[in-house]
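Geometric and topological summary
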Amino acid sequence: MNGFFTIPPAVNEPVYAYAPGSPERAHLKAALAEARAMELDVPMYIGGQEVRTGQLSRMAPPHDHAHTLGHFHVGDASHVHQAIQAAMAAKPAWEAMPWEQRAAIFLKAAELFSSKYRYAINAATMLAQSKNAFQAEIDAACELIDFLNFNVQFMVEIYSEQPPAQSKGIWNRLEYRPLEGFVFAVTPFNFTAISANLPTAPAMMGNVVVWKPSETQVYSAQLLMRVFKEAGLPDGVINLIYTPGPETGDVVFRHPEFSGLHFTGSTGVFRTMWKLIGDNISTYKSYPRIVGETGGKDFILAHPSAEPKALVAAMIRGAFEFQGQKCSAASRVYIPRSLWVQVKPHLLAEMATLKVGPTEDFRNFVNAVIDERAFNKIAAYIEQAKKDGVEILCGGNGDKSSGYFIEPTILMAPSAQYRTMCEEIFGPVLTIWIYEDAEWPNMFKLVDTTSEYALTGAIFAQDRYAVAEATWALRNSAGNFYINDKPTGAVVGQQPFGGARGSGTNDKAGAKVNLLRWTSQRTIKETFHSPIDYRYPFLGEE
Ligand code: NAD
């Protein structure tokens, strides 16, 4: 096509409020009822095939685990091989497709999620991942749509970046090729938007992908896949498989065509993968790109000048929304003794108003944790705290009889290095350390060195010297740093997200730097007046 096409400008998707009586609330309730009434039979998607193995795994709402949402077909190593083959078969046509045709597919997918499938994808996320209406809306609808729209814009910005002014008779060009081989996208349970972003970001840049979601997120992942197909994604460009993690890694990381890993999940799993990649490095045709966003132990540091009510709201939203199962969730808070006197009564009063229960009852702020394994792990931290004589300010109990519910729990750290101040729990557990006001100058080192992570963190202070001091002193403690705001809820296109140290490679999801990782650049130099003599003037006789 002849034309330098401009794309529709990316704007953040409006967030619906779902207030009582609103039309969106009625639509969402209808979608929930419809999904609940169905039992899905979910195949893998390999090439143009829907693959059913007959080995079924049941899907259930974490807040009502007796109910069956459907079953998915579990694959094995042979399906990993098939997915790689299908990806490689799709590669020549896909990488030759003009960028505007690729862009159109993902812009159309964004539009489908914004309109036709908005309530279906939110309902899926509410039912199968136990996110309440608002948490589902900001993830499964808005962030997902933003990823797709903004990434198209970033793709175009990348392609537009060309070498500067040419010398006479020479034209320099930069071509952003996809990687050779295939990309492996491995996605976590906790964000439907991340699940969509990890396979689509490389695919948008012309790559072919093998996508393995978390088994507790298959219910919404399969809907993502169906919508991508409806938007026009050709067969084999993204291949969705439900195979056990280690078995999948075993095939992928030994394959010569493996060219990139796009991972979000826990730090331990990422390190295992990196090691396997290292062990097999001489097998690959190219050095693989490794992008991983992993765990967090995110902090809020309050200064004596902090506004107490703003701090309490940030603690509650930051720590307990989606049951603390966000990599960015606030899980350790440092409060000066002088401020604690004002914070404590307000915090306790507010905590007493939080309702815990199923997502389908919209009054619940806190819902269930993802599965029994997570429930047991979080409960074990709380039980150990009880055994250690830790003061439990509120919560401290769980009940998994009908759903995996854990009360929002606040622990008072007996020491600044108590294990719940250091380790990622990934549940509704917040630990508070009260420091003496005079200790403020020592707080930065403490906050910085308490955990191996560096994902998100927040400073609460009205004193601008304190803000300035913290912003500088904690510059390596978080990839996303907040001033007088909770450390969660990054918005695509506004706060590029990711952390360093044990939290990942900091390749900022939903940002230009991330998309660049899925390209391999070729520089083209063309000379219009080629020299016909090798001799330079300096070689001449005096
Ligand atoms: P997880 O590490 O248990 O699983 C992530 C994915 O890896 C899943 O698809 C899983 O099946 C797969 N997997 C596990 N072992 C594997 C192996 N050996 N080989 C190949 N694949 C394997 O993580 P999760 O419980 O789904 O998600 C929660 C974690 O994700 C938390 O640690 C959280 O902090 C992190 N997270 C980070 C970010 C971020 O942006 N930094 C965002 C969301 C979640």
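Fair warning: this is a prediction, and the values are worked out from it, not measured in the lab.

Looking now at the site of the ligand. Around the ligand, the surrounding shell holds 26 residues, and the nearest of these are Thr-187, Lys-212, Ser-266, Thr-294 and Glu-424. For the ligand, a nitrogen atom lies 3.0 Å from a polar atom in the backbone of Gly-245. One nitrogen or oxygen atom from the main chain of Gly-265 is found 3.2 Å from an oxygen atom belonging to the ligand. Coverage of the ligand by the protein amounts to 87% of the 850 Å² it exposes when considered alone. Secondary structure elements with two or more residues in the shell around the ligand: helix 8 (245–252), strand 10 (258–264) and helix 9 (267–279). Broken down by class, the residue content of the shell around the ligand amounts to 13 nonpolar, 10 polar and 3 charged.

Another point: the pattern of salt bridges. Applying the stated rule across the entire model yields 26 salt bridges. The shortest N-O distance in the salt bridge between Arg-271 and Glu-452 comes to 3.0 Å. Remark: Glu-452 occurs in the loop between helix 14 (440–449) and strand 19 (453–454) and Arg-271 occurs in helix 9; sequence separation between them is 181 residues. You can call Glu-452 partly exposed: its relative accessible area is 40%. Of the charged contacts in the structure, one is a salt bridge between Lys-400 and Glu-372, with a shortest N-O distance of 3.0 Å. Taken together, the residues Lys-400 in the loop between strand 15 (398–399) and strand 16 (405–406) and Glu-372 in helix 12 (residues 372–387) connect sequence positions 28 residues apart. Judged by its relative accessible area of 31%, Lys-400 is partly exposed. A residue is classified by how much of its surface remains accessible, and Glu-372, at 37% relative accessible area, is partly exposed.

Okay, helix 9 next. Over its 13 residues, helix 9 runs 18 Å from end to end, which matches the ideal 18 Å to within 8%, given 1.5 Å per residue. Taken together, the buried positions of helix 9 are occupied by Thr-267, Phe-270, Met-273 and Ile-277. Considered in projection along helix 9, the buried side chains sweep an arc of 125° and stay on one side of the axis. Opposite the buried face of helix 9, by more than 90 degrees, sit the exposed residues Thr-272, Lys-275 and Asp-279. Residues of helix 9 that are buried make contact with strand 7 (182–186), strand 10, strand 11 (289–293) and strand 19.

A few words now on unusual backbone geometry. Trans peptide bonds make up most of the peptide bonds, and negative phi angles are found at most residues other than glycine. With a phi close to 50°, Phe-322 is a non-glycine residue in the positive phi region. In this fold, Phe-322 is placed in the loop between helix 10 (308–320) and strand 13 (330–336). Not every positive phi belongs to a glycine, and Arg-501 is a case in point at roughly 45°.

The next subject is the side chain of Asn-480. Residue placement: Asn-480 occurs in strand 21 (residues 480–483). According to the relative accessible area criterion, Asn-480 is buried, its value standing at 5%. Within the local environment of Asn-480, its side chain forms a polar contact with the backbone oxygen of Pro-496, the two atoms lying 3.1 Å apart. For Asn-480, the contacting residues outside a window of four places in its chain are Leu-455, Thr-456, Gly-457, Ala-490, Gln-495, Pro-496, Phe-497, Gly-498 and Lys-508.

Moving on, we come to the sheet that holds strand 21. Strand order in the open sheet made by the 7 strands is 14-17-18-13-12-20-21, with mixed pairing throughout. For this open sheet the edge positions go to strand 14 (391–394) and strand 21, each flanked by a neighbour on one side alone. Here the strands of the sheet are splayed against their neighbours by 20° on average, with no regard to which way each runs. The sheet contacts of helix 14 involve strand 12 (298–302), strand 13, strand 18 (429–435) and strand 20 (456–460), and relative to strand 12 the element is tilted by about 180°.

The domain architecture assigned to the protein chain consists of domain 1 (23–294 + 504–524) and domain 2 (298–483). When each unit is reduced to the centre of its C-alpha atoms, the spacing between domain 1 and domain 2 is 31 Å. Opposite the 27 residues of domain 1 that make contact, domain 2 presents 29 residues. Around 2300 Å² of area is buried between domain 1 and domain 2 when both sides are counted, 57% of it from carbon and sulfur atoms. At the boundary of domain 1 and domain 2, one finds 2 salt bridges. Between the two partners, domain 1 and domain 2, sit 18 residue pairs in polar contact (both at pLDDT 80 or more). At the level of secondary structure, the elements contributing two or more residues to the side of domain 1 that touches domain 2 comprise helix 1 (23–36), helix 4 (118–128), helix 5 (133–160) and helix 9. Considering each element in turn, the side of domain 1 that touches domain 2 owes the most residues, 5 residues, to helix 1. Class assignment of the residues belonging to the side of domain 1 that touches domain 2 gives a composition of 10 nonpolar, 10 polar and 7 charged.

Moving on, we get to the nonpolar core. Formed by 106 residues in total, the largest nonpolar core has its most connected members in Phe-113, Trp-211 and Leu-261. Per element, the largest residue contribution to this core is 16 residues, and it comes from helix 5. Once residues lying within four places of it in the same chain are set aside, the contact partners of Leu-261 are Phe-184, Val-186, Phe-253, Phe-270, Met-273, Ile-277, Arg-289, Ile-290, Val-291 and Trp-518. Within the second largest apolar cluster, 39 residues are counted, among which are Val-369, Ile-406, Tyr-418 and Ala-461.

What counts and what doesn't
Residues numbered from 1 in each chain as written. Predicted model: local features only at pLDDT ≥ 70, side-chain atom pairs only at ≥ 80, totals over all residues. Heavy atoms only, no water. Near = heavy atom within 4 Å. Polar contact = N/O pair within 3.5 Å; in protein donor to acceptor, adjacent residues only side chain to side chain. Areas by Shrake-Rupley, 256 points an atom, 1.4 Å probe, with all protein chains shown as cover. Helix = DSSP H or I, 4+ residues; strand = E, 2+ residues; numbered from the N terminus. Nonpolar A, V, L, I, M, F, W, Y, C, P; charged D, E, K, R; others polar. Salt bridge = Lys/Arg side-chain N within 4 Å of Asp/Glu carboxyl O. Buried < 20%, exposed > 50% of the residue type's maximum accessible area, 1.4 Å probe, protein only. Expected span 1.5 Å × (residues − 1). Arc of directions from axis to C-beta. Contact = heavy atoms within 4.5 Å. Pairing = 2+ DSSP bridges. Axes fitted to C-alpha atoms, helices over the stretch in contact; angles between N-to-C directions. Domains from an automatic or database assignment. Buried area = accessible area lost by both parts, 1.4 Å probe. Core = buried A, V, L, I, M, F, W, Y, C linked by side-chain atoms within 4.5 Å.

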